[in-house]
Amino acid sequence: EKYLSRCLDSILRQTYENLEIIVVDDCSTDQSAKLIEQYMEQDERIKQITHEKNRGLFQARISGADIATGKYLAFVDSDDHLSIDWFRTLLKKAEAVKADIVVGEWCYDYDEKKAYCNLDPFRVKDFCLEGNDVLAAFMEQEGRSFSWSVVWNKLYAKTLWNQCVSEFRKFSRKHGHMIMWEDIAFSSGLWAHAQKVVNVHHANYYYFQHAGASTAPQKSRKRNLKYIT
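What counts, and where the lines are drawn
Residues numbered from 1 in each chain as written. Predicted model: local features only at pLDDT ≥ 70, side-chain atom pairs only at ≥ 80, totals over all residues. Heavy atoms only, no water. Disulfide = S-S within 2.5 Å. Buried < 20%, exposed > 50% of the residue type's maximum accessible area, 1.4 Å probe, protein only. Helix = DSSP H or I, 4+ residues; strand = E, 2+ residues; numbered from the N terminus. Pairing = 2+ DSSP bridges. Salt bridge = Lys/Arg side-chain N within 4 Å of Asp/Glu carboxyl O. Expected span 1.5 Å × (residues − 1). Contact = heavy atoms within 4.5 Å.

S.K.: Before we move on, could you go through the state of the cysteines and cite the residues and values that matter?
M.R.: Inspection of every chain in the model, using the stated rule, returns 0 disulfides. You can see C7 has no disulfide; the closest cysteine sulfur is in C107, sitting 15 Å from it.

Below you can see the structure in the form of structure tokens.
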């Protein structure tokens, strides 16, 4: 609730306006649902899905993609936000080179400052991976930079997602509500099937850092150990 308006506002003011904005309410316990309704009244591009029980981020992304009608998919976590030209920049590149995945740049947002990872591979060089080189590059980096595996810094062709979604559903049924790194499960499938991956510069996803985030260090030792496990 605290960050949702900033997230939605950053999407609504994008220079690329032909968007279908799907908001998944995964059994929120605050005023998020009411806030989403207010936004839906203001902008017809926004659609809402409500889970009857809390199913976690992995299933929430699947649920949203299931009703998406566009040619491409992108994911934005509700406490993050976007630079104004994010979608136009990534989409223009995808269309120009017929890419399955386009990777954008990102930075940490600490409210009072932004922190850029200047040695991030997608920031310091241009990529154009094709065929078998796509999965090979993904596996060879071995997690040294999570820019490869997070879902939110990329644009995906819907045709690519459709090749993977049956496996995603099986994974979701088997593992249920995952706490951490569900992105790797998504990315492993998407990079395995992608035939062309490129990147762009000068468009930013703002990855917000705050104590309430699921990926933030926890005060509870027991909880930290659970996350690591």
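Here the narrative resumes.
S.K.: Please set out the pairing of strand β9 (residues 196–208) residue by residue, giving values where relevant.
M.R.: In terms of burial, β9 is largely enclosed, as 11 of its 13 residues are buried. Taken together, the 2 bridges between strand β4 (residues 81–82) and β9 define a ladder with antiparallel strand orientation. In the sheet register, L82 faces β9, and the bridge partner there is Y205. With 8 bridges connecting them, strand β5 (residues 101–109) and β9 associate as parallel partners. Across the sheet, the residue bridging to E105 is N204, located in β9. Judged from the 3 bridges that link them, strand β7 (residues 128–130) and β9 form a sheet pairing that is antiparallel. The residue of β9 that forms the bridge with L129 is V197.

S.K.: Please provide a residue-by-residue account of the pattern of salt bridges, values included.
M.R.: This structure, assessed with the given rule, holds 14 salt bridges. Between R6 and D109 there is a salt bridge, with its nearest N and O atoms 3.7 Å apart. Of this pair, R6 sits in helix α1 (residues 4–12) while D109 sits in strand β5, placing them 103 residues apart in sequence.

S.K.: Provide a residue-level description of helix α4 (residues 86–97), including the pertinent values.
M.R.: End to end, α4 covers 17 Å across 12 residues, agreeing with the expected 16 Å (1.5 Å per residue, within 8%). If you check which residues of α4 are buried, you get W86, F87, T89, L90, L91 and A94. Packed against the buried residues of α4 are α1, β3 (72–74), β4, β5, β8 (154–157) and β9. Where α4 terminates, the next one or two residues include K98, which has phi positive at roughly 60°.

S.K.: I'd like a description of the environment of F146, backed by residues and values.
M.R.: Topologically, F146 is positioned in the loop between α6 (132–140) and β8. Between the alpha carbons of F146 and A94 there is a distance of 22 Å; along the sequence they are 52 residues apart. Those residues in contact with F146 that sit more than four places away from it in its chain are W106, Y108, W152, W181 and Y207.

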